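So the chains spell out like this:
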Amino acid sequence: MQDFIFHNPVKIYFGKGQASHVAEEAAACEGPVLLVYGGGSIKRNGAYDDVIRALAAAGKQVVELAGVTPNPRLDKVLEGVALAKEHGVGLILAVGGGSAIDCAKFVALGAGIGSDEDLWHDYIESGRPAPEGLIPLGVVLTTAATGSEMGDSAVVTNTAIARKMGYTSFPLMPRFSVLDPSYLTTLGRDQTNYGFVDMFCHVCEQYLSLPSDDNLSDELAEAIMRHILRSWRACLADPSDYTARSNAMWDSTMALNRIISRGKETDWVTHGIEHGISAVHPEVAHGAGLAVVHPHWMKYVYRATPEATGRFARFACTVWGVDPTGRTEAEMAAEGIERYSDFLARMGCPRTLAEIGVPADDAHLDELAAHHDAMGGSYQHVGTAEA
Ligand code: NZQ
Ligand code: ZN
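Starting afresh in each chain, residues are numbered from 1 along the sequence in its written order. To label them, take the chains in the order written and letter them from A, then take the ligands in the order written and number them from 1. Predicted model: local features are reported for residues with pLDDT of at least 70 only, side-chain atom pairs are reported and counted for 80 or more only, and whole-chain, interface and lining totals are derived from all residues. Hydrogens are left out, water is left out, and the side-chain values use all remaining heavy atoms of the structure.

Draft legend 1. Examining the packing of aromatic side chains more closely. When two rings of Phe, Tyr or Trp (its six-membered ring) have centres within 6.5 Å they constitute a pair, described as stacked for plane angles under 30 degrees, edge-to-face for angles over 60, and tilted for the intermediate range. A complete count under the given rule lists 17 aromatic pairs for this structure. Both rings, one in Phe315 and one in Trp320, keep their centres 6.4 Å apart while their planes meet at 75°; by these two values the pair is edge-to-face. Side by side, Phe315 and Trp320 carry an identical accessibility label, which is buried. Among the aromatic residues, those joined into a ring-pair cluster are Phe196, Phe200, Tyr207, Trp232, Phe315, Trp320, Tyr340 and Phe343. Directly above the ring of Tyr242 sits Lys16, whose terminal nitrogen or CZ lies 4.4 Å from the centroid. Above the ring of Tyr48, the side-chain terminus of Lys43 is found at 4.6 Å from the ring centroid. For each residue, the accessible area found with a 1.4 Å probe, counting protein chains only, is set against the maximum for its type, and the residue is called buried under 20%, exposed over 50%, and partly exposed in between. Each ring is checked for a lysine NZ or an arginine CZ that lies within 6 Å of its centre and within 35 degrees of its normal; such an atom marks a charge sitting over the ring.

Written out as structure tokens, the structure reads:
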């Protein structure tokens with residue numbers, strides 16, 4: 001294994017009714033609470049009412065930043081920074097999916113940097129570490145997808161230049177996250193699919209990377225992937241199944257809370273390509289873009305780099321049940337990727353750019369490539385000439 005430091009301080013409240021704990025968490029912070037949320041789904045799944053009740057119990061004044069879009073935008077973040085400063089908020093509470101959470105993380109960062117500093121240029125673009133002592137962040141999660149609830153990453157789009165960029169720095173870690181699976185039952189089929197694609201992709205981007213040594217992280221990743229596939233089928237079969245939704249929620253958190261990347265190089269190129277697509281086409285959901293890119297990235301990489309073939313063969317056998325008898329590693333790898341691609345089709349996920357409304361002519365592909373997010377990894381040397 002590679003050397004590592006592991007430190008994940010996020011307190012998780014998991015289960016039905018756990019949003020009541022927002023009261024004690026908020027009471028421990030001085031000042032008003034900035035509530036960050038999207039277009040209103042939280043008013044239909046009960047999360048908004050639960051949070052408002054908890055904040056009232058804590059006697060908290062609430063300031064709202066509503067209308068965060070999927071693929072959140074920098075201008076919304078800056079609106080939140082202004083609100084946080086104006087009201088002297090003591091807790092930022094994101095209620096929603098990855099977009100609300102990431103917007104809230106950047107609001108905390110933007111409110112904590114110097115007045116002579118620029119959030120986009122000096123931090124997001126340069127990757128400079130965030131300062132300590134940001135306004136604490138809490139989360140009430142309503143999607144099973146990104147893992148942002150237990151991580152120090154956030155993603156934002158600067159629409160002025162059509163760039164969607166990820167940023168990772170430890171002070172962005174939430175202080176606590178409420179994971180109540182009952183909020184997931186209002187997710188439609190597409191959004192449920194996109195969340196599963198995202199979490200599955202996250203596991204792959206850690207698992208399929210080098211080194212290929214004997215590694216606990218890989219075995220944990222295999223268990224998570226098999227479990228994701230079971231939860232996925234169960235959630236689509238019965239969207240109101242609490243057990244299925246609760247499994248999905250913990251699957252997604254475990255897929256990206258840094259546990260399974262310990263000892264691994266990781267490879268986030270699929271995400272980097274998807275960020276290029278949704279930067280230019282903000283209407284494309286993150287998981288929809290990944291569903292199109294991911295199997296194609298796999299097909300390219302297992303052939304183009306000999307170090308990868310064995311990893312893809314193992315993925316085929318342990319996750320997709322491919323029988324290794326009489327097959328070469330390349331044949332196993334190809335069969336596993338084919339089964340993954342077929343599975344996505346059966347679940348109803350898009351698999352081509354045309355299906356997500358993105359033109360596939362050369363000029364447009366060049367434009368998407370120019371806007372991709374340079375997220376590297378094990379196989380980033382592969383295909384640069386063709387990028
Ligand atoms: O805006 P509202 O009305 O809340 O509706 C949302 C939105 O339209 C809706 N929704 C959320 N919870 C719902 C619900 N609808 C019904 N019932 C519920 N319980 O779903 C839509 C999508 O919400 P969004 O928050 O955008 O989804 P998701 O959680 O998939 O987040 C995607 C964003 O996270 C980023 C993505 O790039 C994208 O911007 N990511 C963040 C990561 C991180 N911070 O570590 C890692 C990921 O790889 C990802 O890149
Ligand atoms: Zn993702």
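What follows picks up the thread again.
Draft legend 2. Unusual backbone geometry, seen in detail. Cis geometry marks the peptide bond from Leu210 to Pro211, where omega comes out at -5°. Considering the arrangement of structural elements, one finds Pro211 in the loop between α6 (189-207) and α7 (216-237). Positive phi is not limited to glycine here, since Ala162 has a value of about 50°. By the criteria applied, helices consist of DSSP H or I runs no shorter than four residues and strands consist of E runs no shorter than two, each listed in order from the N terminus. Along the polypeptide, Ala162 turns up in the loop between β6 (153-158) and β7 (163-168). A relative accessible area of 18% means that Ala162 is categorised as buried.

Draft legend 3. Spotlight on the coordination of the zinc ion (ligand 2). Water is absent from the atoms considered, so a metal site may look incomplete; donors are defined as N, O and S atoms within 2.8 Å of the metal, or 3.2 Å for Na, K and Ca. Protein-derived ligands of the zinc ion (ligand 2) are Asp198 (OD), His202 (NE2), His271 (NE2) and His286 (NE2), with the metal-ligand distances lying across 1.9 to 2.4 Å. Going along the chain, you hit the donors of the zinc ion (ligand 2) in the pattern D-x3-H-x68-H-x14-H. Pair noted here: His271 is in helix α9 (residues 269-280) and His286 is in helix α10 (residues 286-304), with a separation of 15 residues, a long-range link. Take His286: its relative accessible area is 17%, and that puts it in the buried class.

Draft legend 4. Molecular detail of the site of ligand 1. One heavy atom within 4 Å of a molecule or strand makes the whole residue count as near it. The local shell around ligand 1 holds 30 residues, among which Ser41, Ser99, Thr143, His202 and His271 are the closest. Any pair of N or O atoms that falls within 3.5 Å is considered a polar contact. Within protein, one atom must be able to donate a hydrogen and the other to accept it, and sequence-neighbouring residues count only if both atoms are side-chain atoms. The backbone of Gly98 places a nitrogen or oxygen atom 2.7 Å from an oxygen atom of ligand 1. Thr186 is positioned such that a nitrogen or oxygen atom in its side chain is 2.7 Å from a nitrogen atom of ligand 1. To be clear on the numbers: accessible area is Shrake-Rupley with a 1.4 Å probe, and residue cover counts the displayed protein chains and nothing else. Expressed as a share of its isolated accessible area of 960 Å², the protein-covered part of ligand 1 is 88%. If you list the elements that add at least two residues to the shell around ligand 1, you get α4 (98-112), β6, α6 and α9. For the shell around ligand 1, the per-class residue count stands at 7 nonpolar, 20 polar and 3 charged. Each residue receives one of three labels: charged for Asp, Glu, Lys and Arg, nonpolar for Ala, Val, Leu, Ile, Met, Phe, Trp, Tyr, Cys and Pro, and polar for the others, Gly being one of them.

Draft legend 5. Quick look at the confidence of the model for the protein chain. The predictor's confidence in any single residue is recorded as pLDDT, a number from 0 to 100. Summarising the model, the protein chain shows a mean pLDDT of 95, and 99% of its residues fall at 70 or more. Both confidence scores are given for the complex: pTM 0.97, ipTM 0.99.

Draft legend 6. Structural context of the pattern of salt bridges. Here, a salt bridge means any side-chain nitrogen of Lys or Arg that lies within 4 Å of a carboxyl oxygen of Asp or Glu. Scanning the entire structure with this criterion turns up 10 salt bridges. A salt bridge links Arg258 to Asp152, with the nearest nitrogen and oxygen atoms 3.0 Å apart. On the criterion of sequence distance, the pair formed by Arg258 in the loop between α8 (242-255) and α9 and Asp152 in the loop between β5 (137-141) and β6 is long-range, its members being 106 residues apart. With respect to burial, Arg258 and Asp152 carry one shared label: buried. With a shortest N-O distance of 2.9 Å, Glu335 and Arg339 are connected by a salt bridge. Of the two residues, Glu335 and Arg339 both sit in helix α12 (residues 329-347), 4 residues apart, roughly one turn of that helix. For Glu335, a relative accessible area of 25% translates into the label partly exposed. Judged by its relative accessible area of 29%, Arg339 falls in the partly exposed class.

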